[in-house]
Amino acid sequence: MRSQGRARWFGLLALSLGVATIIVDATIVNVAVPAIIRDLGITSSEAQWVQEAYTLVFAALLLVAGRFADRAGRRRMFVTGVVVFVAASVLAAVAGSGEALIGARVLQGLGGAMMLPTSLSLLNATFTGREKSIAFAVWGATIGGAAALGPLLGGWLTTEYSWRWAFGINVPVGAVIVGATLALVAESRDDRVERGVDWLGALLSVVGMTGVVFALIEGRTYGWWWREQPVDLLGLDWTAAVSPVPVAGGLGLLALAVLVRHQIRRNRAGRPALLDLSLFGIGSFRNGITAAAIVSLGEFGLLFALPLWYQNVLGYSAFGTGLALLPLAVGSFLSSGLGAALTRRWGAVRVVRLGVAAELVGVAGLGLVVAPDTPWWAPVGLLFVYGVGVGLATAQLTGVSLREVPVRQSGQGSGVQSTARQVGSALGIAVLGTVLFASLGGLLGARLADQPGLDPAQRDQIVTAVKQSAGAAITGLADDPATAAIAAEARAAFSDATRYAAFAAAAFLLLGLVACARLPVEVEAEKEGPPVNASGREGHPSHTPEQAPGSGRERTPEQAPGSAQEGAPAQEGAPEQGRLPGQRPAGSPTGG
């Protein structure tokens, strides 16, 4: 049993490495795009889809992938996702055209969507009690660290080798993940799942999420209501005066509304459904995913603006920008051990609040130090605090959300939780991007109003160039002595706009901190739970869940799991399963 315990922890490292791979790949391409444009000769529209096709497909399929993992097997789904992701990485590495690269990125999004929610559900099925808090701490710290390491790794590979290695590196890493997962992670699934598949629910979910996430990602580019520039959607020209954004967003919301109605009907009829709505009767799950979505609005949105500021205002290279963001990754990784210790002493909810507060301090502090002449050392401590907060909040908020979710529904719960965070993040980036570039346009226009020898038409042309290039045009202005003064004004305006974006992110985090106040604080710190077997039930694999020999916690089937030990997963078939939405769970201090 002791060796099995060690194997589970090595399995955790394999799952965390898989999560790190998909998070890194979401950011690693950002710094490789200029080299991709030069090498493949693609248009700016194609370059945009190289970045966003991955995010769009990834977000759209999270819920469906999590649900089907409960049926097919969570480890099987995770490993299949790794294989798909690696195969797509090979296709991306050898791509000879923009269309081929975009297609490979779509496949990568599919593989990533299969991996993220299943990694969560495997943790929920493998660990219990205090061990679960530690496992989620490692998982959450990996996400925060990987998000910051992506630009560093991408800059190094692109500069020293080729942008193709930004994808090729996934091949050996993926092989390690597959081998370690098969050897060290036990399979788990919902053995009592009903026959039949809710194909209509899956289709509505994909259509709805695709439309909503597309609108959030592309609103600033194509226009939130009226079309602001020519639209080329993967070779399909959009010529209407109305932007495709409200059309896609409206269709997405309509599909999601129909999905909700469809799920209510199937749940009432007792037919197989994409989502078991009784999950939302669990207070910790309902409040946890709400808090997670709100926190996500401000958690990673600033990582969109900071690299632009480092490169286009301070003049850092892609690799230098990655190094500048390294303190965030260090803080996130170090917080995994700190988070586990604090959770044992204070409980997960208090650690979540501490983490969000640390993020708030770090992000607001960055807003105070951003300037055209900021020294390299000024943001270091704030980025570290920001990273510590991300590691604490992300991990433990995920654990709080899934704490009372029955193991057999882990895939569903993980899919909903991951989708809520992804939509929150997309909305946060959309809002912060709008704040950044709207502020940039207004501030730069005002600064250039009194510039001698510059007529209104020239001023508008410069403002448009700086906005559309996301600040990259500043370098060209600075290189020409005739426009050096204009470049200085552009640096100051971009710095002010970045400051406003940071303060907006801090405001979102403040709302998230308020939302976390609704989470019930545990009566006592999480205790060690019994090991789980391959089906996700408690106890030794050769014994029934009602009796864990030698554990000192034997119980009869009539006892409700978790009433004597907070944090243990719900027993299969216990009254927890049939609890109506809003009903207070047995043994929980509050109803949510």
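Only a predicted model underlies this, so the values are computations on that prediction, with no experimental measurement involved. (Residues numbered from 1 in each chain as written. Predicted model: local features only at pLDDT ≥ 70, side-chain atom pairs only at ≥ 80, totals over all residues. Heavy atoms only, no water.)

Student: Help me understand the overall build of the protein in this model?
Tutor: Counting secondary structure elements, the protein contains 20 helices and 2 strands. Counting across all 592 residues of the protein, residues that qualify as buried make up 58%. The long-range share in the protein, meaning contacts at least 24 apart out of those at least 6 apart in sequence, stands at 79%. Here the protein displays about 23,100 Å² of accessible surface, and carbon together with sulfur accounts for 64% of that area. (Helix = DSSP H or I, 4+ residues; strand = E, 2+ residues; numbered from the N terminus. Buried < 20%, exposed > 50% of the residue type's maximum accessible area, 1.4 Å probe, protein only. Contact = heavy atoms within 4.5 Å. Areas by Shrake-Rupley, 256 points an atom, 1.4 Å probe, with all protein chains shown as cover.)

Student: What is the right way to look at a nonpolar patch on the surface in this model?
Tutor: The grouping of Trp 156, Tyr 161, Trp 165, Phe 319 and Leu 323 at the surface amounts to a nonpolar patch, some 530 Å² of accessible area in total. In this fold, Trp 165 is placed in helix 7 (residues 165–168). (Patch = residues over 30% accessible without salt bridge, like charges linked within 9 Å, V, L, I, M, F, W, Y side chains within 5 Å. Salt bridge = Lys/Arg side-chain N within 4 Å of Asp/Glu carboxyl O.)

Student: Explain helix 10 (residues 244–269) to me, please; I cannot follow it from the model alone.
Tutor: Taking 1.5 Å of rise per residue, the 26 residues of helix 10 would be expected to cover 38 Å, and the 37 Å separating its terminal C-alpha atoms lies within 8% of that figure. Backbone nitrogen of Val 245 and a side-chain oxygen of the N-cap are separated by 3.1 Å at the start of helix 10; the cap is Ser 243. Looking one or two places after helix 10, you find Gly 270, whose phi comes out positive at around 75 degrees. (Expected span 1.5 Å × (residues − 1). Polar contact = N/O pair within 3.5 Å; in protein donor to acceptor, adjacent residues only side chain to side chain.)

Student: What's the story with the side chain of Asp 496 in this structure? I'm lost.
Tutor: Position of Asp 496 among the secondary structure elements: in helix 20 (residues 484–516). Judged by its relative accessible area of 16%, Asp 496 falls in the buried class. Of the polar contacts made by the side chain of Asp 496, one reaches the side chain of Arg 499; its length is 2.6 Å. Those residues in contact with Asp 496, other than ones at most four positions away along the chain, are Leu 443 and Arg 447.

Student: In this structure, what is going on with the nonpolar core? I would like to understand it.
Tutor: General note: in soluble globular proteins, nonpolar side chains tend to be found buried as a group. Counting residues in hydrophobic clusters, the biggest one holds 148 residues, and the most contacted among them are Leu 101 and Tyr 386. The greatest single-element share of this core, amounting to 16 residues, is contributed by helix 3 (residues 44–72). (Core = buried A, V, L, I, M, F, W, Y, C linked by side-chain atoms within 4.5 Å.)

Student: Looking at this structure, how should I read the pattern of salt bridges?
Tutor: Where charged atoms from two side chains of opposite charge approach closely, those side chains can pair. Inspection of every chain in the model, using the stated rule, returns 10 salt bridges. The partner of Arg 74 in a salt bridge is Asp 70, and the shortest N-O contact between them spans 2.9 Å. Among the residues examined, Arg 74 registers a relative accessible area of 0% and is labelled buried. According to the relative accessible area criterion, Asp 70 is buried, its value standing at 0%. The partner of Glu 299 in a salt bridge is Arg 421, and the shortest N-O contact between them spans 2.5 Å. Within this pair, whereas Glu 299 is found in helix 11 (residues 283–299), its partner Arg 421 is found in helix 17 (residues 410–448), the two being separated by 122 residues in sequence. A single burial state applies to Glu 299 and to Arg 421, both of which are buried.

Student: What am I meant to see in the packing of aromatic side chains here?
Tutor: Pairs of aromatic rings are described using the distance from one ring centre to the other and the angle between the two planes. Applying the stated criterion across every chain yields a total of 10 aromatic pairs. With centroids separated by 5.5 Å and ring planes inclined at 85 degrees, the aromatic side chains of Trp 156 and Tyr 161 adopt a geometry described as edge-to-face. Since its relative accessible area comes to 35%, Trp 156 is described here as partly exposed. Under the relative-accessibility criterion, Tyr 161 is labelled exposed at 53%. With a centroid separation of 5.2 Å and 40 degrees between ring planes, the pair formed by Tyr 310 and Tyr 316 is classed as tilted. (Phe/Tyr/Trp six-rings, centres within 6.5 Å; stacked < 30°, edge-to-face > 60°.)

Student: Even after reading the chapter, I still don't get the packing of helix 16 (residues 380–402) against helix 17, so can you show me in this structure?
Tutor: For any two helices packed against each other, one specifies the inter-axial angle together with the distance between the axes. Axis separation between helix 16 and helix 17 bottoms out at 10 Å; the angle between their running directions is 135 degrees. The orientation of helix 16 with respect to helix 17, classified from their angle, is oblique. Considering how the two elements wind past one another, helix 16 and helix 17 form a crossing that is right-handed. Counted together, Thr 394, Leu 397, Thr 398, Ser 401 and Leu 402 of helix 16 and Gly 413, Ser 414, Gln 417 and Arg 421 of helix 17 form the full contact between these two elements. Of the residues in the contact of helix 16 with helix 17, the class split is 2 nonpolar, 6 polar and 1 charged. (Axes fitted to C-alpha atoms, helices over the stretch in contact; angles between N-to-C directions. Parallel < 35°, antiparallel > 145°, perpendicular 65-115°, else oblique. Left-handed = near helix turned anticlockwise from the far one by under 90°. Nonpolar A, V, L, I, M, F, W, Y, C, P; charged D, E, K, R; others polar.)

Student: Hey, could you run me through the packing of helix 17 against helix 20 in this one?
Tutor: At a minimum axis distance of 8 Å, the contact between helix 17 and helix 20 shows a crossing angle of 145 degrees. Like other packed secondary-structure pairs, helix 17 and helix 20 cross with a definite hand, here right-handed. For the contact of helix 17 with helix 20, a count of residues per class yields 19 nonpolar, 2 polar and 3 charged.

Student: For this particular structure, what's the right way to read the environment of Ile 217?
Tutor: Along the polypeptide, Ile 217 turns up in helix 9 (residues 199–222). Distance in space between the C-alpha atoms of Ile 217 and Ile 429 is 7.9 Å, their sequence separation being 212 residues. Apart from the residues lying within four places of it in its own chain, the contact partners of Ile 217 are Glu 52, Thr 55 and Leu 56.

Student: Just to check I follow, could you spell out the environment of Ala 35 for this structure?
Tutor: Here Ala 35 shows up in helix 2 (residues 33–40). Separated by 129 residues in sequence, Ala 35 and Arg 164 place their C-alpha atoms 9.7 Å apart. Beyond its immediate sequence surroundings of up to four residues, Ala 35 is in contact with Thr 158 and Trp 163.

Student: Is there a simple way to think about the confidence of the model for the protein in this case?
Tutor: In low-pLDDT regions, the fine details of the predicted coordinates are not to be read closely. Chain-level statistics for the protein give a pLDDT mean of 80 and a share of 84% at 70 or above. A low-confidence stretch, residues 523–592 stays under pLDDT 50, and its non-local contacts, those more than four residues away or across chains, total 132 contacts. (pLDDT = per-residue confidence, 0-100.)

Student: Looking at this model, I keep getting lost on the environment of Leu 116. Mind explaining?
Tutor: Relative to the helices and strands, Leu 116 resides in helix 5 (residues 98–126). For the pair formed by Leu 116 and Leu 62, sequence separation is 54 residues and the distance between their alpha carbons is 7.7 Å. Dropping the residues within four chain positions of it, Leu 116 is found in contact with Val 19, Ile 22, Phe 58, Leu 62, Trp 139 and Ser 418.

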